[in-house]
Amino acid sequence: MGRTRVVVRCADCPFESEYDRLSAARTALDDHESTTGHEVAWEIESLADGVSQAGADAGVCGRPECTNEDSPLLDPERADR
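**Student:** It is not clear to me how the overall build of the protein chain should be interpreted in this structure. Could you clarify?
**Tutor:** Regarding its fold elements, the protein chain presents three helices and three strands. When the elements of the protein chain are put in sequence order from the N terminus, they spell out β-β-α-β-α-α. Counting the 81 residues in the protein chain, one finds 19% classified as buried. Intrachain contacts of the protein chain at a sequence separation of at least 6 include 41% that bridge at least 24 residues. When the accessible area of the protein chain is evaluated, it comes to approximately 5900 Å², of which 49% is carbon and sulfur surface.

Written as structure tokens, this is what we have:
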């Protein structure tokens, strides 16, 4: 099973850190930008298998015509609303 790996790097200073959760990486990015005013980028190097599968099932854009209708991850009731 794969795991999530996200690297956050600052273009303006030596700050660089690796995270195993998207939310932790996003928090670090936001914190560094807000405290320093620096421009920070992140690179998603890998995702856990379940996250990758959910993204694939939802389709790149998330529109109904792009989704995998057979996926147990999609809620067909919600699409009708």
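**Student:** Looking at this model, I keep getting lost on helix α1 (residues 22–36). Mind explaining?
**Tutor:** Structurally, the α-helix is built with 3.6 residues per turn, so residues lying three or four positions apart point the same way. With 15 residues, α1 should reach 21 Å at 1.5 Å per residue; the first-to-last C-alpha distance of 21 Å fits that figure. Turning to α1, its buried residues number three or more, namely A25, A28, L29 and H32. Seen end-on, α1 carries its buried residues on one side only, within an arc spanning 100°. With respect to the buried face of α1, the exposed residues turned more than 90 degrees away are S34 and T35. Residues of α1 that are buried sit in contact with β1 (5–10), β2 (16–19) and β3 (40–46).

**Student:** When you look at the sheet that holds β1 in this model, what are you seeing that I'm missing?
**Tutor:** Backbone hydrogen bonds are what pair the strands of a sheet, in a parallel or an antiparallel way. Pairing in this open sheet of three strands is antiparallel, and the strands run β2-β1-β3 from one edge to the other. Each edge of the open sheet carries a strand with a single partner, namely β2 and β3. Strand-to-strand twist across the sheet, computed as the mean angle between neighbouring axes with direction ignored, equals 20°. In this sheet, β2 lies alongside β1 in antiparallel orientation, the contact comprising four bridges. What sits directly across from V8, in β2, is S17.

**Student:** Looking at this structure, I do not really get a nonpolar patch on the surface. What am I missing?
**Tutor:** A cluster of nonpolar side chains, L22, W42, I44 and V51, forms an exposed patch at the surface whose accessible area comes to about 310 Å². You can see W42 is positioned in strand β3. Given the relative accessible area of 34%, W42 is considered partly exposed.

**Student:** For this particular structure, what's the right way to read the side chain of T4?
**Tutor:** Of note, T4 is situated in the segment before β1. Looking at T4, the relative accessible area reads 9%, which means it is buried.

Definitions and cut-offs
- Residues numbered from 1 in each chain as written.
- Predicted model: local features only at pLDDT ≥ 70, side-chain atom pairs only at ≥ 80, totals over all residues.
- Heavy atoms only, no water.
- Helix = DSSP H or I, 4+ residues; strand = E, 2+ residues; numbered from the N terminus.
- Buried < 20%, exposed > 50% of the residue type's maximum accessible area, 1.4 Å probe, protein only.
- Contact = heavy atoms within 4.5 Å.
- Areas by Shrake-Rupley, 256 points an atom, 1.4 Å probe, with all protein chains shown as cover.
- Expected span 1.5 Å × (residues − 1).
- Arc of directions from axis to C-beta.
- Pairing = 2+ DSSP bridges.
- Axes fitted to C-alpha atoms, helices over the stretch in contact; angles between N-to-C directions.
- Patch = residues over 30% accessible without salt bridge, like charges linked within 9 Å, V, L, I, M, F, W, Y side chains within 5 Å.
- Salt bridge = Lys/Arg side-chain N within 4 Å of Asp/Glu carboxyl O.

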